[in-house]
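# Results of the structural survey
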Amino acid sequence: TEDLEMLKVENLVVNYGVIQALKGISFEVNEGEVIALIGANGAGKTTTLQTISGMLSPNSGKVLLNDVDITTIPGHKIVSMGMAHVPEGRRVFPGLTVLENLKMGAYTRSNKTEIAKTLEQVYESFPRLKERQNQLAGTLSGGEQQMLAMGRALMSNPKIVLMDEPSMGLSPIYVDEIFKIIQSISDAGTTVLLVEQNAKKALAIADRAYVLETGNVVLSGDAKDLLNDDSIKKAYLGE
Ligand code: ATP
């Protein structure tokens, strides 16, 4: 059977003033895949996700979601088209409760019954969020805030989720838990585009991966092959 291309990025160029953050990158994500974007600090991973989800406009290039050109479509509309973005640094609303944060994630939806159903699913995936639903988000631990950011993204009922460094700054036990949750989000049928500094763990759960270096895709392939690639081992896996 043919792969169903869900997301396609074509020749994306993004400049910040004189800095070329993305120099013409292209890649695609097929329905049901977990795709990892790996690369050093400043390679352009965050810029890539922000451009895909409509937070940034590229200088040139295209983003297609299910063959629809979304390059100039505003972020909130892209959310209602089935894409959610879990930003770097979580960005939960610290003065709102866990439940209020989760409800914000459903802001593009109007069917209350459907929203309640999704909330139950999120609580099933993240029992700790249910326990703490009335706690202020700013008082959660880093790992719990990451779970909340993920849960909030799932509240929009996305077909594809972009995740920016979900394991950043977490203790090892939370890192494992977050990767298990990403796996279960994928198992439930959601397509995942994952940006990670933790290349080893990202490649372990990804189907395929793209390696970014100073704004270019320099290598791509099956995640398992990249895990065994000598240049990748040296540069990104600390081996
Ligand atoms: P990190 O893992 O450190 O977040 P990254 O791969 O996500 O790195 P980006 O954050 O996308 O990389 O940054 C790519 C390049 O663009 C870097 O050189 C960075 O300094 C630059 N850059 C990012 N945001 C801005 C901005 N708002 N203004 C100017 N330059 C920026």
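Residues numbered from 1 in each chain as written. Predicted model: local features only at pLDDT ≥ 70, side-chain atom pairs only at ≥ 80, totals over all residues. Heavy atoms only, no water.

## A closer look at the overall build of the protein chain
Put simply, the rule is: Elements are defined by DSSP. Helices are runs of H or I of four residues or more, strands are runs of E of two residues or more, and each kind is numbered from the N terminus. With C-alpha atoms as the basis for the radius of gyration, the globule rule is written as 2.2 Å multiplied by the number of residues raised to the power 0.38. Note on exposure labels: buried denotes an accessible area under 20% of the residue type's maximum, exposed denotes more than 50%, and partly exposed covers the range between, all computed with a 1.4 Å probe on protein chains only. Throughout, a contact is declared for two residues whenever any of their heavy atoms are within 4.5 Å.
Along its length, the protein chain carries ten helices and ten strands. Here the C-alpha atoms of the protein chain give a radius of gyration of 17 Å, agreeing with the 18 Å that 2.2 N^0.38 yields for 239 residues. Along the three orthogonal principal directions, the C-alpha set of the protein chain runs to about 45 × 45 × 40 Å. A total of 239 residues make up the protein chain; the buried ones form 49% of that total. The contacts of the protein chain with a sequence gap of at least 6 include a subset with a gap of at least 24, amounting to 66%.

## Notes on the sheet that holds strand β5 (residues 68-69)
Heads up, the condition is: Note: two strands are recorded as paired if DSSP finds a minimum of 2 bridges between them.
Across the sheet, four strands lie side by side as β2-β1-β4-β5; this open sheet has antiparallel pairing. The open sheet has two free edges, formed respectively by β2 (19-30) and β5, since each of these has just one partner strand. Of the pairings in the sheet, the one linking strand β1 (residues 5-16) to strand β4 (residues 60-65) comprises five bridges and is antiparallel in character. Residue pairing in the sheet places Leu7 in a bridge with Leu65 of β4.

## Things to note about the sheet that holds strand β9 (residues 208-213)
Which entries qualify depends on this criterion: The angle between two axes is taken between their N-to-C directions and runs from 0 to 180 degrees, where each axis is a line fitted to C-alpha atoms and a helix contributes only its stretch in contact.
In space, the six strands of this open sheet follow the order β6-β7-β8-β3-β9-β10, with mixed pairing throughout. Of all strands in the sheet, those bounded by a partner on one side alone are β6 (83-86) and β10 (216-222). Along the sheet, successive strands turn relative to each other by an average axial angle of 15 degrees, direction set aside. As defined by bridge partners, strand β3 (residues 34-38) adjoins β9 across four bridges and the pair is classed as parallel. Along β9, the bridge assignment pairs Ile38 with Val211. Against the sheet, helix α7 (residues 172-187) makes contact with β3, β7 (160-164) and β8 (191-196), and its axis sits at roughly 155 degrees relative to β8, the strand it touches most.

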